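# Breakdown of the fold
Next come the chains, spelled out residue by residue.
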Amino acid sequence: MLPRWKADEEFQELVTAILRSLPLRLPSSLSSQSLRHLSRLGDGITARVFGILNELAIEAIQNGIERITDDSIESWRPALEKEAAFA
C-alpha cells in the first residue's frame, strides 16, 4: 500500500510534472493554498489527483482558458456531484 500524498514539496513536484504534461497552451501555476485544496480533494490518492487535473484540463480547453488556475481548483466538484445538480 502506498502512503497518501500530503501537501508538501514532493506533492508540489508531482503536480508540477502533471501540469507540464497536460496539453494546455498556457502554463498553469498554482498557489500553495490551491495545492493543499487539491490534496484534500484527491484525498492524497495519486489516481484521484491525476483524475481531477485531467478533468480540469478538459474544462480549461473547452472554456478556452487553456490553463488550470487557483479558481478552477477551488470551484472543482466531482462529476457525480455536478450531475446531481442538474437532475
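Before any of the text, the structure's been laid out above.
First, a word on what this report is: a plain description of the structure on this page. Quick caveat, the model's predicted, so the values are computed rather than measured.

## As for the environment of Leu 56
On the secondary structure map, Leu 56 appears in helix α3 (residues 46–63). With 13 residues separating them along the chain, Leu 56 and Thr 69 place their C-alpha atoms 9.1 Å apart. Setting aside its immediate chain neighbours within four residues, Leu 56 contacts Ile 68, Ser 72, Ile 73 and Trp 76.

## Regarding the pattern of salt bridges
Under the counting rule described, the total for this entry stands at two salt bridges. With a shortest N-O distance of 2.6 Å, Asp 43 and Arg 4 are connected by a salt bridge. Taken together, the residues Asp 43 in the loop between α2 (32–41) and α3 and Arg 4 in the segment before α1 (9–21) connect sequence positions 39 residues apart. For Arg 4, a relative accessible area of 49% puts it in the partly exposed group. One salt bridge connects Arg 48 with Asp 43, and the closest N-O pair in it is separated by 3.4 Å. Under the relative-accessibility criterion, Asp 43 is labelled partly exposed at 38%.

About the cut-offs
- Residues numbered from 1 in each chain as written.
- Predicted model: local features only at pLDDT ≥ 70, side-chain atom pairs only at ≥ 80, totals over all residues.
- Heavy atoms only, no water.
- Helix = DSSP H or I, 4+ residues; strand = E, 2+ residues; numbered from the N terminus.
- Contact = heavy atoms within 4.5 Å.
- Salt bridge = Lys/Arg side-chain N within 4 Å of Asp/Glu carboxyl O.
- Buried < 20%, exposed > 50% of the residue type's maximum accessible area, 1.4 Å probe, protein only.

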